[in-house]
Amino acid sequence: CNNLRSDNNTGNGWLFSGDSTRATNNFTAISSAADTNGGIGVAFSAATGTGITNFSFIAFFSESNTGDGFDFASGITTVLRGKFFGCLARANSGIGYDINLLGLDFIGSEARDNTGDGFEIDSISTKLIGCFSVGNGVNIDLNAEDVVISGCTFGANQVPHTANLVEENRMAVLENNI
């Protein structure tokens, strides 16, 4: 999918869903946007069965939404194996990236000027590589173990309130498996 746009909806901008009768797998969204929606910009719904797996978002922007920029619902039981390259969550009334799921990698993605957290990580096995977060309520809110954070920049006076970073000697191994 290329150049998708969802704006000015009363609810969520984009909803990606998978359940026991529908698998949402193997897709890429490039140069797309969700802005000025009345709910979440990009939402992943609770799923069972095959769920949502093997996907990439490249240069996907989620801005000025009433809810979160990107919201990954904690009800999804499948490991997602999703990658976000150069994505932006900006000026949303909620959290920039609300991460509650296994298997998500963020490479060169940004969170700017969101009312809530820039990156809120509540799931193990999340990777942030070369990401940037500034001007948010809290730039990074880390509540999980085995999270890889490498080469990222977070705004001043905004530090993880729980120090659960992966040990340095294990980080190189995990980074090579992106």
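Check the entry above for the structure.
Every value quoted in this text rests on a predicted model; they were computed, and no experiment measured them.

K.L.:
Quick question: what am I supposed to make of the side chain of Asp 35 here?
P.N.:
If you trace the backbone, Asp 35 turns up in strand E4 (residues 33-35). Side-chain polar atoms of Asp 35 contact the side chain of Thr 36, separated by 3.0 Å. Discounting chain neighbours no more than four positions away, the residues touching Asp 35 are Arg 5, Ser 6, Asp 7, Asn 8, Glu 63 and Asn 65.

K.L.:
Any chance you could explain the environment of Val 147 here in plain terms?
P.N.:
Residue position: Val 147 is located in the loop between strand E17 (140-142) and strand E18 (148-150). The spacing of Val 147 and Thr 126 is 21 residues in sequence and 5.0 Å in space, taken between C-alpha atoms.

K.L.:
Explain the packing of aromatic side chains to me, please; I cannot follow it from the model alone.
P.N.:
Here the distance between the centres and the angle between the planes together describe a pair of aromatic rings. For the structure shown, the criterion picks out 21 aromatic pairs. Measuring from centroid to centroid gives 5.4 Å for Phe 16 and Phe 44, while their planes differ by 25°, and the two rings are stacked. Here Phe 16, found in strand E2 (residues 14-16), pairs with Phe 44, found in strand E5 (residues 42-44); they are 28 residues apart in sequence, far enough to count as distant. Phe 44 shares its class with Phe 16; the two are buried. Aromatic pair Phe 16 and Phe 57: ring centres 5.4 Å apart, planes at 80°, arrangement edge-to-face.

Analysis parameters
Residues numbered from 1 in each chain as written. Predicted model: local features only at pLDDT ≥ 70, side-chain atom pairs only at ≥ 80, totals over all residues. Heavy atoms only, no water. Helix = DSSP H or I, 4+ residues; strand = E, 2+ residues; numbered from the N terminus. Polar contact = N/O pair within 3.5 Å; in protein donor to acceptor, adjacent residues only side chain to side chain. Contact = heavy atoms within 4.5 Å. Phe/Tyr/Trp six-rings, centres within 6.5 Å; stacked < 30°, edge-to-face > 60°. Buried < 20%, exposed > 50% of the residue type's maximum accessible area, 1.4 Å probe, protein only.

Treat this as a map of the structure, not an account of what it does.
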